[in-house]
Amino acid sequence: MHSKPVRYLVLIDAAGASVARLFDEQLHQLNEIDGGSEEVAVMLRGLAPAHSAGDPAWAQALRGHSAAERAAARVYTLDV
C-alpha cells in the first residue's frame, strides 16, 4: 500500500509548544511531530512559508486550534 506524499508542513503553537503537522494535498493530516526537531529543520531548509493557516481552507484541517493560532501558524509547501 502506498502512502500519500506530504505536501504541506504547518508549524503551529499547541499549548505553548511548536508542533509540525504534516498534510497531504487534500489537507488530510498524515503525521504530527515536535516542531523543534532536527527532522523539521531538515525538511524546511531553504523554504519560506507560503502563507498562514488563517485561510478558511485550513479551518477544518486544524480544528481544535483557535483562529489566532491558525493565523500565526506558518504553512510550508514541500516538494513532492
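Quantities reported herein were computed from a predicted structural model and do not represent experimental measurements.

A. Expanded view of the environment of alanine 53. Locating alanine 53 in the fold gives a position in the loop between α1 (38-44) and α2 (57-61). Placed 23 residues apart in sequence, alanine 53 and tyrosine 76 show a C-alpha to C-alpha distance of 9.9 Å. Sequence-distant contacts of alanine 53, defined by excluding residues within four places in its chain, comprise Val10, Trp58, Leu62, Arg70, Ala71, Ala73 and Val75.

B. Here's a closer look at the sheet that holds strand β4 (residues 74-77). Spatially, four strands are ordered β3-β2-β1-β4 in an open sheet, and the strand pairing comes out antiparallel. The two strands at the open ends of the sheet, each matched to only one other strand, are β3 (29-34) and β4. Each strand axis lies, on average, 25 degrees off the axis of its neighbour in the sheet, ignoring direction. Where strand β1 (residues 8-14) meets β4, four bridges bridge the pair, whose relative direction is antiparallel. Along β4, the bridge assignment pairs leucine 9 with tyrosine 76.

Cut-offs applied
Residues numbered from 1 in each chain as written. Predicted model: local features only at pLDDT ≥ 70, side-chain atom pairs only at ≥ 80, totals over all residues. Heavy atoms only, no water. Helix = DSSP H or I, 4+ residues; strand = E, 2+ residues; numbered from the N terminus. Contact = heavy atoms within 4.5 Å. Pairing = 2+ DSSP bridges. Axes fitted to C-alpha atoms, helices over the stretch in contact; angles between N-to-C directions.

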